[in-house]
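Take a look at the letters that make up each chain.
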Amino acid sequence: MPTSRKLASGEASQPAPRRREPLTRDRVLAAALSLVDAEGVDALTMRRLARELGCNAMALYRYAASRDALLDGVVETVMTDLVILADGTDWEAQLRRTAHEFRSIALAHPHVVPLLVTRPLSTPLGLRPLGTVRPLEMLLTLLVGAGFSAEDALHVYRVYFGFLYGHVLTELQELVASPEESDDLLRLGLHRLPPGEFPLVRQLASALAGYDGVTELDEGLDILLTGLRDQLHIPVRRR
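Residues numbered from 1 in each chain as written. Predicted model: local features only at pLDDT ≥ 70, side-chain atom pairs only at ≥ 80, totals over all residues. Heavy atoms only, no water.

Novice: If you had to explain the packing of helix α5 (residues 91-108) against helix α8 (residues 150-172) to someone new, which residues and values would you point to?
Specialist: Contact geometry of α5 with α8 gives a least axis separation of 10 Å together with a crossing angle of 40°. When the axes of α5 and α8 are compared, the crossing they make is right-handed. In contact with Leu-95, Thr-98, Ala-99, Phe-102, Arg-103, Ala-106 and Leu-107 of α5, α8 contributes Val-156, Tyr-160, Phe-161, Leu-164, Tyr-165, His-167, Val-168, Glu-171 and Leu-172. Residues of the contact of α5 with α8, tallied by class, amount to 12 nonpolar, 2 polar and 2 charged. (Axes fitted to C-alpha atoms, helices over the stretch in contact; angles between N-to-C directions. Helix = DSSP H or I, 4+ residues; strand = E, 2+ residues; numbered from the N terminus. Left-handed = near helix turned anticlockwise from the far one by under 90°. Contact = heavy atoms within 4.5 Å. Nonpolar A, V, L, I, M, F, W, Y, C, P; charged D, E, K, R; others polar.)

Here it is, written out as structure tokens:
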């Protein structure tokens, strides 16, 4: 039976090299999203992402033809989590549920919110990543199944997502300047505003400091859905 070779003096056994996880589009986009979540959109470059993935930057172009394509992919990755169920029996309940789900996604990825709002503007609808168009198709399916015409359903989609984009952008702007202060005027930094020029804004310090995103979202949805029913002559669903 052959004897094993003894290690020479000072020679250390080396662990077997770990196999590198292969690149895939999902892995690239997940890493891109993690980078944006941690450091913001400006941190996302091909070189930086390549360092995070332990590969050459040129290898990434197989999965994203440009940085713009990478940004589109980040938006698609986030929007994949938004599912609008095609339950036409209670379209209002579905829109409320989806609105809260969208808000949760936005608050989980605040650095991505500007991309959610602006990236579609740079690409015609038919050329966008499929994952970013699916919420439109799902919402149209829901509303048409509930009795809306396709044209009215499209109108609702535009108004609805316009409201959601505006809401999350507003909520993310509700920053507190000095959390340790007990006075709302000081906490929000509103004491810096000249009283003669901004009397109403200063007067609303407590209301601004007490901002509740969930409550504001529900109140906005009440107004939006009531307006849609009235304009489109849709009867209120009895529970």
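And the narrative resumes.
Novice: Explain the nonpolar core to me, and be specific about the residues and the numbers.
Specialist: Residues Leu-44, Leu-49, Leu-60, Leu-70, Phe-102, Tyr-160 and Phe-161 are the most contacted members of the largest nonpolar core, which totals 55 residues. Mapped onto this core, the elements with two or more residues apiece are α1 (25-39), α2 (46-53), α4 (67-79), α5, α6 (113-118), α7 (130-145), α8 and α12 (213-232). In terms of residue count, the dominant contributor to this core is α8 (8 residues). In contact with Leu-49, not counting residues within four places along its chain, are Val-28, Ala-31, Ala-32, Leu-35, Leu-44, Leu-60 and Leu-70. (Core = buried A, V, L, I, M, F, W, Y, C linked by side-chain atoms within 4.5 Å. Buried < 20%, exposed > 50% of the residue type's maximum accessible area, 1.4 Å probe, protein only.)

Novice: Can you lay out the packing of α5 against α7 for me, pointing to particular residues and giving the numbers?
Specialist: Contact pair α5 / α7: the axes reach a minimum separation of 10 Å and the direction vectors enclose 160°. With respect to α7, the element α5 is oriented roughly antiparallel. The residues of α7 that touch α5, namely those facing Trp-91, Gln-94 and Leu-95, are Leu-139, Leu-142 and Leu-143. Of the residues belonging to the contact of α5 with α7, the class tally is 5 nonpolar, 1 polar and no charged. (Parallel < 35°, antiparallel > 145°, perpendicular 65-115°, else oblique.)

Novice: Describe α2, and please don't skip the residues or the numbers.
Specialist: All of the buried residues along α2 are Met-46, Arg-48, Leu-49, Ala-50 and Leu-53. Buried residues along α2 sit in contact with α1, α3 (57-60) and α4.

Novice: Could you give me a rundown of a nonpolar patch on the surface, with the residues and numbers involved?
Specialist: Together, Phe-198, Val-201, Leu-204 and Leu-208 line one region of the surface with nonpolar side chains, adding up to about 290 Å² of accessible area. Secondary-structure assignment places Leu-204 in the loop between α10 (199-203) and α11 (205-209). (Patch = residues over 30% accessible without salt bridge, like charges linked within 9 Å, V, L, I, M, F, W, Y side chains within 5 Å. Areas by Shrake-Rupley, 256 points an atom, 1.4 Å probe, with all protein chains shown as cover. Salt bridge = Lys/Arg side-chain N within 4 Å of Asp/Glu carboxyl O.)

Novice: Describe the pattern of salt bridges, and please don't skip the residues or the numbers.
Specialist: Considering all chains together, one arrives at 6 salt bridges under this definition. Two residues, Arg-96 and Asp-222, come together in a salt bridge whose shortest N-O distance is 2.6 Å. Here the residue Arg-96 occupies a position in helix α5, and Asp-222 occupies one in helix α12, the gap between them amounting to 126 residues. Judged by relative accessible area, Arg-96 falls into the partly exposed class, the value being 24%. The network of salt bridges with shared partners includes Glu-39, Arg-48 and Glu-52.

Novice: Before we move on, can you summarise the environment of Val-83 with the specific residues and values?
Specialist: Tracing the backbone through its elements, the reader meets Val-83 in the loop between α4 and α5. C-alpha of Val-83 to C-alpha of Thr-98: the two residues are 15 residues apart in sequence and 7.4 Å apart in space. Among all residues touching Val-83, those that are not within four sequence positions of it are Arg-97, Thr-98, Glu-101 and Met-138.

Novice: I'd like to hear about the packing of aromatic side chains, residue by residue, with values.
Specialist: Taken as a whole and judged by the stated rule, the model has 6 aromatic pairs. Look at Trp-91 and Phe-148: their rings are 5.0 Å apart centre to centre, the planes differ by 85°, and that puts the pair in the edge-to-face class. Placement of the pair is Trp-91 in helix α5 and Phe-148 in the loop between α7 and α8, with a sequence separation of 57 residues. When the centroid spacing of 5.9 Å and the interplanar angle of 55° are considered together, the rings of Phe-161 and Tyr-165 count as tilted. Residue Phe-161 and its partner Tyr-165 are both found in helix α8; the two are separated by 4 residues, about one turn of the helix. Taking the relative accessible area as the measure of exposure, Phe-161 reaches 3% and is therefore buried. An aromatic cluster is built from Phe-102, Tyr-157, Tyr-160, Phe-161 and Tyr-165, whose rings are joined through pairwise contacts. (Phe/Tyr/Trp six-rings, centres within 6.5 Å; stacked < 30°, edge-to-face > 60°.)

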